[in-house]
Amino acid sequence: MPFQAKARSEGKGPPSGEIPSLAYERELIDRIRHGERERFAELIRPYERRVYVTALAILQNDADAQEVAQEAILKAFAHLNQFRGDSRFSTWLTRVTINEARMRRRKQHAEIMKPFNELESEDDEGQFIPQDFADWREIPSEELERKEVRDLLRKALASIADKYREVFVLRDIQHLSIEETAEAIGITPGTVKTRLLRARLMLRDILAPGLGGIWSRPLAFEKGTKPWT
Amino acid sequence: MDLKCEQVWLLISDYVDGELLAPVRAEVDLHLTTCTRCTAVLAGTKNLVRLYGDERMFSVPLDFSPSLHRRLSQQSRLERGAAFTWALSLAGAGLATAAMLLFSLPRFEQPTLRAPMSQPALRAPIANLVVVNDDGKTFHIPGCTYLHGKSRMIPVEEAMKEGYNPCIRCEAELIHRTAKSRALPESRAVDADVAGSGD
């Protein structure tokens with residue numbers, strides 16, 4: 001009986017795309033290492049989105065993110081024997097993705113194009129003081145159906161320094177724990193907390209005016225008129 | 001203890017994540033009841049954490065997964081191909097070595113003879129000393145009447161390697177002597193050899 005079918009019949013295997021149990025994942029990795037190479041597709045499937053989004057958050061470009069995410073997964077496939085198993089496979093894979101994306105960014109000489117606030121706060125882990133105290137009403141998640149809202153949020157994320165963005169993406173978008181984030185990036189949990197606080201407060205300040213405007217009045221094209229006329 | 005706004009901002013992130021200890025959380029709650037600025041900071045932070053954490057925020061391109069799995073299959077095939085090629089090369093190298101050994105073994109046993117019509121000295125005892133002449137094509141036992149010119153003594157094995165053929169007239173004598181020396185006790189056999197070489 002094939003491994004997957006056998007595992008399912010024993011109630012061990014997760015449905016396709018769901019994060020598997022640690023024991024199931026370990027067994028799967030073991031089998032891949034011992035020659036069942038085609039099972040890697042099964043191992044990777046629950047993490048495809050995470051890998052892509054991580055690459056996208058760092059590179060800020062869909063095409064590059066797609067390429068880098070695929071490269072990272074292929075690299076993980078080729079070097080699966082180097083996974084020691086002292087962390088979750090997903091954490092190791094995220095670390096591989098981050099390294100791959102950082103390498104791509106370096107190749108593109110992205111450092112020259114760093115946003116101003118990054119240059120200004122390169123070594124600044126100190127306290128961030130909020131500037132905008134406008135009262136935010138609760139924004140319904142349905143607003144995310146609107147492309148301009150998503151674009152606004154993505155632009156805001158792109159504008160903060162890489163070191164803050166990486167932490168924010170892993171914690172608030174990928175929902176990794178503080179420890180997993182620290183391990184994936186290679187920093188201490190304390191630094192993760194500091195950078196996360198700063199990232200959240202910076203994003204809040206950047207978004208406060210824009211989002212306030214969007215929420216307070218409906219967009220022109222929603223009324224049936226073209227926004228550019 | 002009354003918290004100041006600056007202290008609350010430092011705790012906002014942990015407050016949102018629910019990681020504050022109960023007494024500290026209670027202090028922050030107390031501060032929030034009277035501070036509109038900190039309430040605004042908290043509401044904004046909660047909003048963006050919820051919005052960015054929504055799956056709709058980032059969508060994976062539709063062709064990402066199919067394209068990825070195509071590349072994984074290709075990689076798998078390449079790996080299998082590489083393993084097959086490696087095994088094939090190993091088998092090829094083994095066969096080549098075996099073939100080389102097979103072809104070279106007879107060369108060790110049968111050197112190129114100096115005379116095309118000659119026969120190898122297969123029956124001659126290889127450790128015995130024989131006499132050869134650099135201009136000749138045959139080796140002889142010491143004292144053979146057909147031995148002429150400047151000669152030197154070498155073991156039969158070496159004479160064969162150099163391509164010398166046994167002298168048909170004294171080969172029988174050589175074999176006879178060897179058989180005789182083996183039949184005698186070792187000390188007497190040495191005497192007999194010495195006596196023989198003096199003939």
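For the structure itself, consult the block above.
First, a word on scope: everything that follows refers to the structure included in this document.

Rules behind the numbers
- Residues numbered from 1 in each chain as written.
- Chains lettered and ligands numbered in written order.
- Predicted model: local features only at pLDDT ≥ 70, side-chain atom pairs only at ≥ 80, totals over all residues.
- Helix = DSSP H or I, 4+ residues; strand = E, 2+ residues; numbered from the N terminus.
- Buried ≥ 20, exposed ≤ 12 C-beta atoms within 10 Å, placed from the backbone.
- Contact = placed C-beta atoms within 7 Å.
- Axes fitted to C-alpha atoms, helices over the stretch in contact; angles between N-to-C directions.
- Parallel < 35°, antiparallel > 145°, perpendicular 65-115°, else oblique.
- Left-handed = near helix turned anticlockwise from the far one by under 90°.
- Nonpolar A, V, L, I, M, F, W, Y, C, P; charged D, E, K, R; others polar.
- Pairing = 2+ DSSP bridges.

**Here's the deal with the overall build of chain A**
- A tally of regular secondary structure across chain A gives eleven helices and zero strands.
- When the helices and strands of chain A are placed in sequence order, the string is α-α-α-α-α-α-α-α-α-α-α.
- The buried share among the 229 residues of chain A stands at 34%.
- Restricting to contacts in chain A with at least 6 residues of sequence separation, those with at least 24 account for 68%.

**Describing the packing of helix H6 (residues 89-107) of chain A against helix H10 (residues 178-185) of chain A**
Residues and elements named next belong to chain A.
- Contact geometry of H6 with H10 gives a least axis separation of 8 Å together with a crossing angle of 40°. Viewed along their axes, H6 and H10 adopt a mutual orientation that is oblique. Both H6 and H10 take part in a crossing whose hand is right-handed. Contact with H6, carried on its side by Thr91, Thr94, Arg95 and Ile98, involves Glu180, Glu183, Ala184 and Ile185 of H10 and no other residues of that element.
- Broken down by class, the residue content of the contact of H6 with H10 amounts to three nonpolar, two polar and three charged.

**Section: the packing of helix H4 (residues 48-59) of chain A against helix H5 (residues 62-78) of chain A**
Residues and elements named next belong to chain A.
- Closest axis-to-axis distance for the H4/H5 pair is 8 Å, and the angle between their directions is 130°. The angle between the axes of H4 and H5 places the two elements in the oblique class. Relative to H5, the crossing made by H4 is right-handed. Contacts between H4 and H5 involve Val51, Tyr52, Ala55, Leu56 and Leu59 on the former and, on the latter, Asp62, Asp64, Ala65, Gln66, Val68, Ala69, Ala72 and Ile73.

**Let's talk about the interface of chain B and chain A**
- Listed by partner, the interface residues are 34 residues for chain B and 40 residues for chain A.
- Of all the secondary-structure elements, those providing two or more residues to the side of chain B that touches chain A are helix H1 (5-16), helix H3 (36-52) and helix H4 (64-109) of chain B.
- Examining the composition of the side of chain B that touches chain A, we find that twelve residues originate from one element, H3(B), more than from any other.
- The residue makeup of the side of chain B that touches chain A, split by class, is 17 nonpolar, ten polar and seven charged.

**Regarding the sheet that holds strand E1 (residues 129-133) of chain B**
Residues and elements named next belong to chain B.
- Pairing is mixed across the open sheet formed by four strands, whose spatial order is E3-E1-E2-E4. The two strands at the open ends of the sheet, each matched to only one other strand, are strand E3 (151-155) and strand E4 (165-166).
- As defined by bridge partners, E1 adjoins E3 across five bridges and the pair is classed as antiparallel. The residue bridging Val130 from the neighbouring strand is Ile154, located in E3.

Read these as geometric descriptors, not functional statements.
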